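Below, each chain spelled out in residue letters.
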Amino acid sequence: MSSNNSQSVRVEIRDLRKSFGSQEVLKGISFTVERGEIFVIMGPSGSGKSVLLRHIIGLNRPASGDILIEGDSVTKPGVLAQYRMAMVFQSGALLNSLNVGENVGLYLSEHRLKTPDEIKRIVADKLEIVGLKGLEDKMPSELSGGMKKRVAIARALVVEPQLILYDEPTSELDPLMTVIIGEEILRLREHTHSTSIVVTHDRDLAFGVADRMAILHEGEILFSGTPAEVKANPHPLIQKFLHAEVQFQKS
Amino acid sequence: MFQNIGEMIILFWRTLQALPLALRHRAKVFEQLFEIGNASLLMACILSLFIGGVLALQAGSVLVERGMANFIGGMVGVSMAKELAPVMMSILIAGRIGSAMAAEIGSMRVYQEIDALKTMNINPIHYLVLPRVLAITIVLPILVVFSIMVGWLGGALVSHFNAHINLSLEGYFNNLREIVSIGDVLNGVIKSFAFALVIGVVACHQGLITIGGPRGIGRSVTKAVVNSIVLILLLDYVLTRFLMYFEAF
């Protein structure tokens, strides 16, 4: 799949626009993610974060604008196939008809990149990395939400990705599991040196893992910078999002 | 509607283009063959036995009154081979297997499993559509041949044991052998091959375009079955005319 042997890639988004029907979901997004960086895109639900990720990995085509990986436009035929990319979906998106081992080794077995014995060994290694050693024979329906997400991360690792995209990796998880997933993302960067783009509305995760971050609101980037710069930004919407708290009045 | 037809033609073409990969996906094809055969064989057997029986019962009473009871074998034989077995088995498979295919692929689409395949550079047509379409086009003609024979047997049993008809088994099968040719059976097999392609492509297409959660999956299943049955009946007329033209020579 890859002709590029570096461990990470540079991603540049230029004036990306996308509409579904009359609704404009992305309104001219531009930012750059440097090699090996963890870049977090944070914003409220429905702000276009997941749609943006789907464009980067080629699941959606932009109406206008461009996505460049190492300077190559992903809209050009064959460009996506030159780079090893993986995405961890919000739901995990494990194939329910396959067991954990088959799910994790699917990329290798379908592309016939390794022998069955080698695939078994690689699957066991990747499951051990995400703390799920020995669960190869379990079916996805037997796993908890957190375990499914970690299997999805193991499946992404098999690709040895230069770019790994996380779509809401901690949604539906308890705070303890959120910490584990956050640590996993940091550990994987140390382990694989890949570039990571994390989409989330989880403030703890975002500030815990980000090298740089962008705040997305209604399809537009309000601000991008380091976590400290984001915290210090006086934009009322950013401050409202960062400091939103539930306050119930007891009658 | 025209967009759907266009998409189905494109899906059919891409599936044909993927045929050289069939050997590589043989494990998935065998899995589908087993599932389809396992789910349909008993039902096909019961259905065919009773279709043959009812045919003999209905036609028998008319033919006996006119002193032509000996012709029941040929009549049941030709009807089963050329029309009833291919059409009824195809409708059965559309309801039982086409619906399952649309539901499975539809839920994979809704729950992003197909997106996950794409991100791993795995073509959903090669991985999901090819094994299913190939399996159904292998199984349905076999099931139709089986159905034809069970239908003949059903007709024979009713003709023999029904007191009003009371035809010997030998008489029934002699007439059947005399009237039914291998071409009649081939006629049914050709039709069933075409119907299988229709069921496979329609069901997989409906699955692949599913949107909107569990309700969307339900809608896709209904559309897959209804569209398959409508297309089978339309295609049946066209193929019957086409094959009649060849029989004339």
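Note that the coordinates shown come from a computational prediction; the quantities given were computed from them, not determined experimentally.

Student: Just give me the short version of the domain arrangement of chain A, but keep the residues and values in it.
Tutor: All names here are of chain A. Parsing chain A into structural domains produces domain 1 (1-84 + 164-251) and domain 2 (95-159). Each of domain 1 and domain 2 has a C-alpha centre, and these two points are 25 Å apart. The partner domain 2 presents 11 residues to the 17 residues of domain 1 that form the contact. When domain 1 packs against domain 2, the two sides together hide about 1100 Å² of surface, and 72% of this comes from carbon and sulfur. Seen at the junction of domain 1 and domain 2, the total is zero salt bridges.

Student: Go over the packing of helix 3 (residues 72-110) of chain B against helix 7 (residues 182-208) of chain B with me, naming the residues and quoting the values.
Tutor: All names here are of chain B. Relative to each other, helix 3 and helix 7 sit at 15 degrees, their axes nearing to 8 Å. It follows that helix 3 is roughly parallel to helix 7 by the angle criterion. Helix 3 and helix 7 meet at a crossing whose hand is right-handed. In terms of residue class, the contact of helix 3 with helix 7 is built from 15 nonpolar, seven polar and five charged.

Student: Explain the packing of helix 3 of chain B against helix 6 (residues 169-179) of chain B to me, using residue names and the numbers behind them.
Tutor: Residues and elements named next belong to chain B. Packing of helix 3 against helix 6 leaves a shortest axis separation of 7 Å and a crossing angle of 55 degrees. Between helix 3 and helix 6, the interaxial angle falls into the category oblique. Between helix 3 and helix 6 lies a crossing whose hand is right-handed. Taking contact as the criterion, the partners of I72, G73, G74, V76, G77 and V78 in helix 3 are, on helix 6, Y172, N175, L176 and I179. The residue inventory of the contact of helix 3 with helix 6, partitioned by class, reads six nonpolar, four polar and no charged.

Student: Can you tell me about unusual backbone geometry, naming the residues and giving the values?
Tutor: Residue and element names in this part refer to chain A. Despite not being glycine, D15 shows a phi value in the positive range, around 45 degrees. Note that D15 resides in strand 1 (residues 11-20). Positive phi, close to 50 degrees, is recorded for E70, a residue that is not glycine. When its relative accessible area of 26% is taken as the criterion, E70 is described as partly exposed.

Student: So what's going on with the environment of G37(B)? Which residues, and what values?
Tutor: Residues and elements named next belong to chain B. The topology assignment puts G37 in helix 2 (residues 26-65). Overall, the relative accessible area of 23% leaves G37 in the partly exposed class. Sequence-wise, G37 and I142 are 105 residues apart; in three dimensions their C-alpha atoms are separated by 9.6 Å.

Student: Give a description of the sheet that holds strand 3 (residues 38-42) of chain A that names residues and reports values.
Tutor: Residue and element names in this part refer to chain A. Pairing within the open sheet is mixed, and its six strands lie in the order 6-7-8-3-9-10. What marks the edges here is a single partner per strand, and that holds for strand 6 (85-88) and strand 10 (220-225). Across this sheet, the average inter-strand angle for adjacent strands is 15 degrees, counted without regard to direction. Packed onto the sheet, helix 6 (residues 145-158) meets strand 6 and strand 7 (163-167) and runs at close to 175 degrees relative to strand 6.

Student: Before we move on, can you summarise the side chain of E168(A) with the specific residues and values?
Tutor: All names here are of chain A. Along the polypeptide, E168 turns up in the loop between strand 7 and helix 7 (175-192). Overall, the relative accessible area of 5% leaves E168 in the buried class. Apart from the residues within four sequence positions on either side, E168 is in contact with K49, Q90, K149, V199, T200 and H201.

Student: I'd like to hear about the sheet that holds strand 5 (residues 72-73) of chain A, residue by residue, with values.
Tutor: Residues and elements named next belong to chain A. Pairing is antiparallel across the open sheet formed by four strands, whose spatial order is 2-1-4-5. The open sheet is flanked by strand 2 (23-33) and strand 5, the only strands paired with a single partner. Strand direction decides the pairing type here: strand 1 and strand 4 (residues 64-69), joined by five bridges, are antiparallel. Looking at strand 4, one finds that E12 is bridged to L68. The strands that helix 1 (residues 49-56) touches are strand 1, strand 2 and strand 4; relative to strand 1, the one it contacts most, it runs at about 120 degrees.

Student: Go over the interface of chain B and chain A, please, and point to the residues and values.
Tutor: On the side of chain A, 21 residues touch chain B, which itself brings 16 residues to the contact. Between chain B and chain A the total buried area reaches about 1600 Å² when both faces are included, carbon and sulfur atoms providing 57% of it. When the buried area of chain B at its contact with chain A is split by residue, R24(B), T119(B) and M120(B) rank highest and sum to 35% of it. Where chain B touches chain A, the interface holds two salt bridges. The residue K28(B) makes a salt bridge to E110(A) at a minimum N-O spacing of 3.0 Å. Our count for the chain B to chain A interface comes out at seven residue pairs in polar contact (both at pLDDT 80 or more). A total of six residues in the side of chain B that touches chain A trace back to one element, the largest contributor, which is helix 4 (residues 113-119) of chain B. When grouped by side-chain class, the residues that make up the side of chain B that touches chain A number seven nonpolar, four polar and five charged.

Each value, and the rule that gives it
- Residues numbered from 1 in each chain as written.
- Chains lettered and ligands numbered in written order.
- Predicted model: local features only at pLDDT ≥ 70, side-chain atom pairs only at ≥ 80, totals over all residues.
- Heavy atoms only, no water.
- Domains from an automatic or database assignment.
- Contact = heavy atoms within 4.5 Å.
- Buried area = accessible area lost by both parts, 1.4 Å probe.
- Salt bridge = Lys/Arg side-chain N within 4 Å of Asp/Glu carboxyl O.
- Axes fitted to C-alpha atoms, helices over the stretch in contact; angles between N-to-C directions.
- Helix = DSSP H or I, 4+ residues; strand = E, 2+ residues; numbered from the N terminus.
- Parallel < 35°, antiparallel > 145°, perpendicular 65-115°, else oblique.
- Left-handed = near helix turned anticlockwise from the far one by under 90°.
- Nonpolar A, V, L, I, M, F, W, Y, C, P; charged D, E, K, R; others polar.
- Buried < 20%, exposed > 50% of the residue type's maximum accessible area, 1.4 Å probe, protein only.
- Pairing = 2+ DSSP bridges.
- Polar contact = N/O pair within 3.5 Å; in protein donor to acceptor, adjacent residues only side chain to side chain.

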